[in-house]
Amino acid sequence: MSELAPAATPETPVESALPEGWELIVGLEVHVELDTATKLFCGCVNRFGVDPNTNVCPTCLGLPGSLPVMNERAVEMAMILGRALGCQVNRSVMARKNYFYPDMPKDFQTTQYDQPTNSEGELKLADGFVVRIERAHIEEDTGKSVHVGGGGRINEAVYSLVDYNRAGVPLIEIVSKPDIRTIEHARNYVEELRAIVVATGVSDARMEEGSIRVDANVSVRRFGSSELRTRCEIKNINSLRSLGRAIEHEALRQIDLWTTGSGPQQQTRHWDEDAGRTTPGRSKEDVEDYRYFQEPDLVPLDPTSATIAAIDAAMPPLPSARRSALRAATGAGIDAARLLVERGQDGLAMAAVAAGADGAKTVTRLVNDLAVNDWSKVEAESFAALVRMESNGELSASQAKQVLGDLVERGGDPAAHADVRGFEAMDTTELESLLDQLIGENPEEWSRYCGGDEGDRKKMQGFFTGQIMKATRGQADGKVVAQLLAKRSSS
Ligand code: ZN
Ligand code: MN
């Protein structure tokens, strides 16, 4: 990341959390754990959450004489993700990155250095902002240290334990250029990357289980300049909330140091979620400290153009294309489209609309009432039928919601579920006469509805709707009642 980052233009979003005249520069390094059956260089099972040190062998423990064997599926997944990010796929070589850490039994990490598998891509955020990708390389994960006592912090711990189950798990590290200028975009970038990772099936992308971990390179500069000042790297951020807070805190810390002195030191820092601040780690090593050299036990990876063409041909629709298609078909807004694609419910929505369901109602039902983990029993046909019943007034909104609950639990025909629940279509004439009766019984409320101010009207609408719901045992559609009230008062 040695080249200059483009200077701000009037179109560049300005981060409001920073003091006037300062600009935020963020580049992200995201580690994604690949969802392979086995580890990167051995046959050990790649699984989260099992007893410590049960998925280990001589290779991933770095015992003398053991040799790595490259996991073909991991390489394939790396190329799939690379192509999804618009990268070029290169001839690549594995390298040793040498450093000592107890959770890394070989004393080096097998990774890629100057010849990464993927380079020169880009990630387009949901709002159209483009972040360039420098590289997306293959490497192995380290084990995990557990510091016991002292609040889990290494300095104050009484002792530490190491679990090597994670050692050798395949990772892709995606390195962005320092193109991000706002906290919002930093979050959007991780969200979008996560969506792509899920859509391509290369990872389960569970941030809370550490399947995605983010390092943020943060620096600041005077607005309008194109220099890159000293940056600090904040390590292992594992939630979107922490990402935003950590960047903001770090940027303010640096601005303070530039304003009162000669600026920050290049450094690795850690985010302390409880204290709400970053704390210093090691002074940032330069690249030469790692004494990179080519891994002698593994051959270079050199995919043929036919292999890459096959990956392109098999690429599933990516989130941005799926959002566009969903929005065109249903009229969904940006946020709703993002949510439904993330949940994988866009196919259901499109099928429902294709089967004649109203687009807006389809989106509303899905966004509000299908936020469940397992909706596999909901078939497109029956979902479409449900939305049609709601649109026709055969079911009120609250009834439709209950029937959708039945579909989630048992699947089947929405009309049958409505029958079982005793939901009958309330026709409008029935409602109208009921409303006439209520108006006759409550003349004062009615005149407040007709002649009152906005607040009165709202309150009285609530009153009449409530009365009607009571009389119909909740079977009336609140929206229809509101329409009838408005019609009556203006005639
Ligand atoms: Zn192993
Ligand atoms: Mn890495």
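Computed from a predicted model, the values in this text were never measured in an experiment.

Concerning the overall build of the protein
Reasoning step 1: Secondary structure assignment for the protein yields 15 helices and 14 strands.
Reasoning step 2: Taking all 491 residues of the protein together, the buried fraction comes to 46%.
Reasoning step 3: Pairs at least 24 apart in sequence give 69% of the contacts found in the protein among residues at least 6 apart.
Reasoning step 4: Per element, the accessible surface of the protein, about 23,400 Å² overall, is 50% carbon and sulfur.

Some details on the coordination of the manganese ion (ligand 2)
Reasoning step 1: Taken together, the protein donors to the manganese ion (ligand 2) comprise His 31 (NE2), Glu 139 (OE) and Glu 173 (OE), at separations of 2.1 Å.
Reasoning step 2: Ordering the donors of the manganese ion (ligand 2) by residue number gives the pattern H-x107-E-x33-E. Of this pair, His 31 sits in strand β1 (residues 22-33) while Glu 139 sits in strand β6 (residues 130-140), and the two are 108 residues apart along the sequence.

Quick look at the pattern of salt bridges
Reasoning step 1: The full count for this structure, using the stated rule, is 33 salt bridges.
Reasoning step 2: Across the pair Arg 410 and Glu 409 runs a salt bridge, and its minimum N-O distance is 3.3 Å.
Reasoning step 3: You can call Arg 410 exposed: its relative accessible area is 52%.
Reasoning step 4: We classify Glu 409 as exposed; its relative accessible area is 56%.
Reasoning step 5: Put simply, Glu 33, Asp 141, Arg 166 and Arg 213 are held in one network by salt bridges that share partners.

Here we look at the pairing of strand β12 (residues 267-272)
Reasoning step 1: Burial runs high along β12: 5 of the 6 residues are buried.
Reasoning step 2: Two elements, strand β11 (residues 232-237) and β12, share 4 bridges in a ladder whose sense is parallel. Looking at the pairing, Lys 235 lines up with His 270 of β12.
Reasoning step 3: A crossover links β11 with its parallel partner β12, the connecting element being helix α3 (residues 240-260), and its sense is left-handed.

Notes on the coordination of the zinc ion (ligand 1)
Reasoning step 1: Looking at the zinc ion (ligand 1), one finds its protein donor set to be Cys 42 (SG), Cys 44 (SG), Cys 57 (SG) and Cys 60 (SG), positioned 2.3 to 2.4 Å from the metal centre.
Reasoning step 2: Of note is the zinc ion (ligand 1), whose 4 donor atoms meet at the metal with angles of 101 to 114° in an arrangement that counts as tetrahedral.
Reasoning step 3: Given a relative accessible area of 18%, Cys 57 falls into the buried group.

Some thoughts on the packing of helix α13 (residues 443-451) against helix α14 (residues 454-472)
Reasoning step 1: Where α13 contacts α14, the axes come no closer than 8 Å and their chain directions differ by 140°. When the axis of α13 is compared with that of α14, the two are oblique. Where α13 crosses over α14, the two elements pack in a sense that is left-handed. Across from Glu 445, Trp 446, Arg 448, Tyr 449 and Cys 450 in α13, the residues of α14 making contact are Asp 456, Arg 457, Lys 459, Met 460, Gln 461, Phe 463 and Phe 464.
Reasoning step 2: By residue class, the composition of the contact of α13 with α14 is 6 nonpolar, 1 polar and 5 charged.

Observations regarding the domain arrangement of the protein
Reasoning step 1: Assigned domains within the protein: domain 1 (22-311), domain 2 (319-420) and domain 3 (428-490).
Reasoning step 2: For domain 2 versus domain 3, the distance between C-alpha centres works out to 29 Å.
Reasoning step 3: Counting each side, the surface lost to burial between domain 2 and domain 3 is near 310 Å², with a carbon and sulfur contribution of 35%.
Reasoning step 4: In this assembly, domain 2 and domain 3 are joined by 0 salt bridges.
Reasoning step 5: On the surface where domain 2 and domain 3 come into contact, there are 0 residue pairs in polar contact (both at pLDDT 80 or more).
Reasoning step 6: Within the side of domain 2 that touches domain 3, the residues separate by chemical class into 2 nonpolar, 3 polar and no charged.

Details of the confidence of the model for the protein
Reasoning step 1: When pLDDT is averaged across the protein, the result is 88; 95% of the residues are at 70 or more.
Reasoning step 2: Mean pLDDT across the secondary structure elements of the protein bottoms out at strand β13 (residues 277-283), with 79, and peaks at strand β9 (residues 170-176), with 98.
Reasoning step 3: Contacts for the low-pLDDT stretch residues 10-15, under 50 throughout, to residues beyond four places or in other chains number 13 contacts.

Here's the deal with the side chain of Asp 179
Reasoning step 1: Note on placement: Asp 179 falls in the loop between β9 and α2 (183-200).
Reasoning step 2: For Asp 179, the side chain forms a polar contact with the side chain of Arg 132, separated by 2.8 Å.

Considerations on helix α6 (residues 334-343)
Reasoning step 1: Those residues of α6 that fall on the buried side of the exposure criterion are Ala 336, Ala 337, Leu 340 and Val 341. Buried residues of α6, viewed axially, fall in a sector of 125°; they line one side.
Reasoning step 2: Where α6 is buried, its residues meet α5 (319-330), α7 (346-354) and α8 (359-369).
Reasoning step 3: Positive phi shows up at Gly 344, right after α6, with a value of about 75°.

Scoring rules and cut-offs
- Residues numbered from 1 in each chain as written.
- Chains lettered and ligands numbered in written order.
- Predicted model: local features only at pLDDT ≥ 70, side-chain atom pairs only at ≥ 80, totals over all residues.
- Heavy atoms only, no water.
- Helix = DSSP H or I, 4+ residues; strand = E, 2+ residues; numbered from the N terminus.
- Buried < 20%, exposed > 50% of the residue type's maximum accessible area, 1.4 Å probe, protein only.
- Contact = heavy atoms within 4.5 Å.
- Areas by Shrake-Rupley, 256 points an atom, 1.4 Å probe, with all protein chains shown as cover.
- Donors = N, O, S within 2.8 Å, 3.2 Å for Na, K, Ca; no water.
- Salt bridge = Lys/Arg side-chain N within 4 Å of Asp/Glu carboxyl O.
- Pairing = 2+ DSSP bridges.
- Right-handed = clockwise from strand over helix to strand, strands pointing away.
- Tetrahedral: all angles 85-135°; square planar, octahedral: opposite > 155°, others 65-115°.
- Axes fitted to C-alpha atoms, helices over the stretch in contact; angles between N-to-C directions.
- Parallel < 35°, antiparallel > 145°, perpendicular 65-115°, else oblique.
- Left-handed = near helix turned anticlockwise from the far one by under 90°.
- Nonpolar A, V, L, I, M, F, W, Y, C, P; charged D, E, K, R; others polar.
- Domains from an automatic or database assignment.
- Buried area = accessible area lost by both parts, 1.4 Å probe.
- Polar contact = N/O pair within 3.5 Å; in protein donor to acceptor, adjacent residues only side chain to side chain.
- pLDDT = per-residue confidence, 0-100.
- Arc of directions from axis to C-beta.

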